[in-house]
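Residue-level listing of the chains:
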Amino acid sequence: MANKKVSRQDIAGLLEQWSQQFSVFVPSKESGVAAMTEWDGQDTSFLDWYRNTVVPSKASFLPPMEEMFHFQKGEEGYNIEPPPKTERGQLLFGIRPCDARAMAILDMTFEQALEDPYYLAKRNNAVLVGLGCTNPYESCFCTSMGTSPTESADVDLMLIDICGEFLIEEVTDKGKELIAKTNGLKEAAKDDEAKAKQSKKTAYDRVTRKLDTEGIKDRLLASFDDEGFWEKTAAKCISCGICTLLCPTCFCFDINDEMVKKEGTRFRSWDSCGFPLYSKMPMENPRQEKWRRVRQKVCHKYEFYPMTFDVIACTGCGRCIRLCPVNWDITRVIESVPTKTGVKK
Ligand code: SF4
Ligand code: SF4
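Cut-offs used in this document
Residues numbered from 1 in each chain as written. Chains lettered and ligands numbered in written order. Predicted model: local features only at pLDDT ≥ 70, side-chain atom pairs only at ≥ 80, totals over all residues. Heavy atoms only, no water. Helix = DSSP H or I, 4+ residues; strand = E, 2+ residues; numbered from the N terminus. Rg over C-alpha atoms; globule rule 2.2 N^0.38 Å. Contact = heavy atoms within 4.5 Å. Areas by Shrake-Rupley, 256 points an atom, 1.4 Å probe, with all protein chains shown as cover. Lys, Arg positive; Asp, Glu negative; His and termini not counted. Charge placed at Lys NZ, Arg CZ, Asp CG, Glu CD. Pairing = 2+ DSSP bridges. Axes fitted to C-alpha atoms, helices over the stretch in contact; angles between N-to-C directions. Near = heavy atom within 4 Å. Nonpolar A, V, L, I, M, F, W, Y, C, P; charged D, E, K, R; others polar. Polar contact = N/O pair within 3.5 Å; in protein donor to acceptor, adjacent residues only side chain to side chain. Domains from an automatic or database assignment. Buried area = accessible area lost by both parts, 1.4 Å probe. Salt bridge = Lys/Arg side-chain N within 4 Å of Asp/Glu carboxyl O.

So, about the overall build of the protein. Across its full length, the protein holds 12 helices and 12 strands. Taking 2.2 N^0.38 as the reference for a compact globule, 345 residues should give roughly 20 Å; the C-alpha atoms of the protein span a radius of gyration of 22 Å, in line with that estimate. With the C-alpha coordinates of the protein rotated into their principal frame, the extents come out at 65 × 65 × 35 Å. Expressed as a percentage of contacts within the protein between residues at least 6 apart in sequence, the contacts between residues at least 24 apart total 72%. For the protein, the exposed area adds up to about 17100 Å²; of that, 51% sits on carbon and sulfur atoms. Considering the protein, the positive charge centre built from 47 side chains and the negative charge centre built from 51 side chains are found 5 Å apart.

Written out as structure tokens, the structure is:
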């Protein structure tokens, strides 16, 4: 069956149809920072300015701040009230392949390692509509991390820019069902498929930053106790936490209660292993020194995740490079991890 296509001026109509069934989220600068926000029913100007969001799409399923439940202390203990359930699923329009890959990686933690009901309630109800990336940042290195600017493996539908129109690739059953219920789409011609192929190649070639991850798990394992290496690696980091809070695969959170008299709310909120207090326990802090925290961040992605799930928990989205205030660069760090023989690459 031939793919469908939609013209650029018909995107608003497409979103309008989908918003009958889903809460539709699109890239927006509504708050001054590019993030996925609920579509206002009109604006599709993101098609002109959007490269990627600053706030990654994990925020749709693991929000920066989330109410877990409300509680009241009664005569016989606590009464717990869960937050009201949202029946409508979210449709994320325009998610980039690197961030969709990150969602697949987060699923390994929140679905396979444990079942997180807050995350899964939102995630299982969601549709991811990818938008191929035509203008990657200099900091992007997705093609070294098993994905690409137009990879469709982790979305339900994938849109590829073919000059004024978008070819729609139907990836999952969920995506196919949605397209079957969508009106006004045109059949793509052979010529459109050829344009999409060229568009993919052009996008791929625009990702010029490369990272060789060959043997990285073993190199990190062997270098774990190399204090000198980690001190040097961590030297310029100011522990602001931006690289972890805005990393699409980082998922650390903290839990707090806000209570007035006998009632209150339990929240969870993003946290960072880069913060000095993150690992503080009553008797000690095993990651008091900054180099230990930086080591944790790097090894979690490139050593511990591969050991647990056989996948590197970095998608090459480049946020941690372009948003770091001191130009700490994870690709330079990975390249500098000593080899088994002690010779640095
Ligand atoms: S963004 Fe840069 S300075 Fe901030 S914690 Fe990460 S590496 Fe350190
Ligand atoms: S480590 Fe950096 S490049 Fe990799 S996924 Fe996280 S923010 Fe993106």
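Turning our eyes to something else, we now look at the sheet that holds strand β5 (residues 77-81). Pairing is antiparallel across the open sheet formed by 4 strands, whose spatial order is β5-β4-β12-β11. Where the open sheet ends on each side, the last strands, each with one partner, are β5 and β11 (253-260). Averaged over all pairs of adjacent strands, the angle between their axes in this sheet comes to 25°, without regard to strand direction. Strand direction decides the pairing type here: β11 and strand β12 (residues 263-270), joined by 8 bridges, are antiparallel. Pairing of V260 across the sheet is with E263, part of β12.

Near ligand 1, the surroundings consist of C237, I238, S239, C240, G241, I242, C243, K297, C324, P325, V326 and W328. Tallied by class, residues from the shell around ligand 1 come to 9 nonpolar, 2 polar and 1 charged.

A word on the environment of N256. As for its position among the elements, N256 is in strand β11. Measuring from C-alpha to C-alpha, the distance between N256 and F110 comes to 20 Å, with 146 residues separating the pair along the chain. The contacts of N256, once residues within four sequence positions are left out, are T265, R266 and F267. Within the structure, N256 has its side chain in polar contact with the side chain of D254 (distance 3.4 Å).

We now examine the site of ligand 2. The environment of ligand 2 is formed by F141, C247, P248, K301, C314, T315, G316, C317, G318, R319 and C320. Classifying every residue of the shell around ligand 2 by side-chain character gives 6 nonpolar, 3 polar and 2 charged.

For the rest of this paragraph, the subject is the domain arrangement of the protein. For the protein, the domain assignment lists domain 1 (4-67 + 86-206) and domain 2 (216-336). Distance from the C-alpha centre of domain 1 to the C-alpha centre of domain 2: 27 Å. Contacts between the two partners involve 34 residues from domain 1 and, on the opposite side, 32 residues from domain 2. In total, domain 1 and domain 2 occlude about 2700 Å² of area from one another, counting both sides; carbon and sulfur atoms represent 65% of this. Applying the counting rule to domain 1 against domain 2 returns 3 salt bridges. Close ionic contact of D99 with R319 constitutes a salt bridge, the shortest N to O distance being 2.6 Å.

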